[in-house]
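Summary of structural features
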Amino acid sequence: MTSTVNDSAPAAARPVSGQYRSTKVRRQRVRAAWTFLAPMLVTLALVAGWPLIRTFYFSFTDASLSDLGNVFFIGLENYLVLDDGRWYGVLADPVWWRSVWNTFFFAIVSVSLEVVFGVIVALILNAEFKGRTLVRAAVLIPWAIPTIVSAQMWAWMLNDQFGIINELLMTLGLIADPIAWTADASYSMWAVIMVDVWKTTPFVALLALAAMQMLPKDCYEAAEVDGIHPVRVFFRVTLPLITPALMVAVIFRLLDALRVFDVIYVLTSNSTSTMSMSIYARQQLVEFQDVGYGSAASTLLFLIIALATIAYLYLGRKQLNLGGDA
């Protein structure tokens, strides 16, 4: 009886020792992770954190680009102020709200089209056919071209005087007269969206293709044996399994689309019909040299992107949890 008690005592103490070692190892891993992350965090704080703080500060001042050393604190006047019965500031500017609408419209439409076309391209590239490697490399060319270069290239092709797009459409008899794709407010936003979709669809296709390459083959073999239609297999098997990869693609593309500047500025410059929030902020900062007002617009842009990203991540994670419970 005594030996039984003595044998059981070390066994009872053993889990406590193992738990201590596990906690110690976990702490060591956390310290090592922070040690490796520290240089990156310091660099990020210097490169991104300090300019961001200065932007917040300037948004509460009357700073001008011609004299940044002589600024005065004016509170929220750059954002919204009531003077002689009229509202002034970024939040009272109809051009700002037009730029907000343009940015969200551009982001939602372009990212949605890129996801749809990206998945279609990934499905094609995932199939077995001769020359697939060459086609995969060719599909990535639009994404590899710098945005400024591709935007300028499309600006030439969409030109209403010598553009090849108008020439081709008139040759086919689809239009009678040249169309000012980037100057006409009825077409300019769709022209910008088309160029952005052309350039960034390969990025979404690449992530979707990588996810498809890792899918288990057993599910597809069983579906083929059971005679299930490929469309149903895609919506019931493929799409749910690649959804996490698509979420990563969407969040990256959404961040880029909400702060879009280069492609719109090259194609349409400061046109109100396509002006994004970034272009609005740039116009106030550079052309009007109003650093305080432009910083207020930049701060609002940052807050809008942050809130949109948090909302998307929350809804996406909730959707994944509901899918896992189902």
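Residues numbered from 1 in each chain as written. Predicted model: local features only at pLDDT ≥ 70, side-chain atom pairs only at ≥ 80, totals over all residues. Heavy atoms only, no water.

Quick look at the overall build of the protein chain
- Across its full length, the protein chain holds 12 helices and two strands.
- On C-alpha atoms alone, the protein chain measures out to a radius of gyration of 27 Å, which is more than a quarter above the 20 Å that the 2.2 N^0.38 rule sets for 326 residues.
- Principal-axis analysis of the C-alpha atoms gives the protein chain an extent of 100 × 65 × 35 Å.
- Expressed as a percentage of contacts within the protein chain between residues at least 6 apart in sequence, the contacts between residues at least 24 apart total 63%.
- If you average the places of the 22 positive and of the 23 negative side-chain charges in the protein chain, the two averages end up 18 Å apart. (Helix = DSSP H or I, 4+ residues; strand = E, 2+ residues; numbered from the N terminus. Rg over C-alpha atoms; globule rule 2.2 N^0.38 Å. Contact = heavy atoms within 4.5 Å. Lys, Arg positive; Asp, Glu negative; His and termini not counted. Charge placed at Lys NZ, Arg CZ, Asp CG, Glu CD.)

Thoughts on the nonpolar core
- If you look at the biggest cluster of nonpolar residues, it comprises 58 residues, and the most contacted ones within it are Val90, Trp96, Phe106, Val263, Leu267 and Tyr280.
- Broken down by secondary-structure element, the contributors of at least two residues to this core are α2 (94-126), α5 (147-157), α7 (188-213), α9 (230-258), α10 (262-268), α11 (277-287) and α12 (291-325).
- In this view, Val263 contacts Thr147, Ala151, Val192, Val195 and Asp196; residues no more than four positions away in its chain are not counted. (Core = buried A, V, L, I, M, F, W, Y, C linked by side-chain atoms within 4.5 Å. Buried < 20%, exposed > 50% of the residue type's maximum accessible area, 1.4 Å probe, protein only.)

Focus: the environment of Met170
- The residue Met170 is located in helix α6 (residues 164-171) in this model.
- The contact partners of Met170, leaving out residues within four places of it in the chain, are Ile175, Ala176, Asp177 and Pro178.

Digging into the side chain of Ser278
- Secondary-structure assignment places Ser278 in helix α11.
- Residue classification places Ser278 among the buried residues on the basis of a relative accessible area of 12%.
- When near neighbours in sequence (up to four residues on either side) are disregarded, Ser278 contacts Arg259, Val260, Phe261 and Leu301.

As for the packing of α5 against α7
- Where α5 contacts α7, the two axes come as close as 11 Å, and the packing angle between them is 135°. Taken as axis vectors, α5 and α7 run oblique relative to one another. As for how α5 packs across α7, the hand of that crossing is right-handed. Listed contacts from α7 to Thr147, Ser150, Met153 and Trp154 of α5 are Met194, Val195, Trp198 and Lys199.
- Of the residues in the contact of α5 with α7, the class split is five nonpolar, two polar and one charged. (Axes fitted to C-alpha atoms, helices over the stretch in contact; angles between N-to-C directions. Parallel < 35°, antiparallel > 145°, perpendicular 65-115°, else oblique. Left-handed = near helix turned anticlockwise from the far one by under 90°. Nonpolar A, V, L, I, M, F, W, Y, C, P; charged D, E, K, R; others polar.)

Considerations on the side chain of Thr103
- Within the element layout of this structure, Thr103 appears in helix α2.
- Of the residues examined, Thr103 reaches a relative accessible area of 1% and is grouped as buried.
- Among all residues touching Thr103, those that are not within four sequence positions of it are Ala257, Leu258, Ser276 and Met277.

What to know about unusual backbone geometry
- The backbone phi angle of Asp84 is positive, close to 55°, even though this residue is not glycine.
- Topologically, Asp84 is positioned in the loop between β1 (81-83) and β2 (86-88).
- The class of Asp84 is exposed, set by a relative accessible area of 76%.
- You will see that Ser269, though not glycine, has its phi angle at about 55°, which is positive.
- Looking at where Ser269 falls in the secondary structure, it is placed in the loop between α10 and α11.
- Look at Ser269 and you get partly exposed, because its relative accessible area is 33%.

Remarks on the pattern of salt bridges
- Counted according to the given criterion, the structure contains six salt bridges.
- With a closest N to O distance of 2.6 Å, Glu287 and Arg282 form a salt bridge.
- We classify Glu287 as partly exposed; its relative accessible area is 38%.
- A single salt-bridge network, built from bridges that share partners, covers Glu114, Asp196, Arg253, Asp256 and Arg259. (Salt bridge = Lys/Arg side-chain N within 4 Å of Asp/Glu carboxyl O.)

Digging into the confidence of the model for the protein chain
- Counting all residues, the mean pLDDT for the protein chain is 86, and 91% of those residues have values of 70 or more.
- Across the protein chain, the element-wise mean pLDDT spans from 74 in helix α1 (residues 2-58) up to 94 in α2. (pLDDT = per-residue confidence, 0-100.)

Description of the packing of α7 against α9
- The interhelical angle for the contact between α7 and α9, taken along N-to-C directions, is 140°, at an axis separation of 9 Å. Between α7 and α9, the crossing angle belongs to the class labelled oblique. In the crossing of α7 with α9, the sense of the turn from one axis to the other is right-handed. Mapping the contact onto sequence places Asp196, Thr200, Phe203, Val204, Leu207, Ala208, Ala211 and Met212 in α7 and Thr238, Ile242, Ala245, Leu246, Val248, Ala249, Phe252 and Arg253 in α9.
- The class makeup of the residues in the contact of α7 with α9 is 12 nonpolar, two polar and two charged.

A short note on a nonpolar patch on the surface
- On the surface, Leu113, Val116, Phe117, Ile120, Ile124, Phe129 and Val135 cluster together into a nonpolar patch covering about 560 Å² of accessible area.
- The element contributing the most residues to the nonpolar patch is α2, with five residues.
- Inspection of the secondary structure puts Val135 in helix α3 (residues 132-139). (Patch = residues over 30% accessible without salt bridge, like charges linked within 9 Å, V, L, I, M, F, W, Y side chains within 5 Å. Areas by Shrake-Rupley, 256 points an atom, 1.4 Å probe, with all protein chains shown as cover.)

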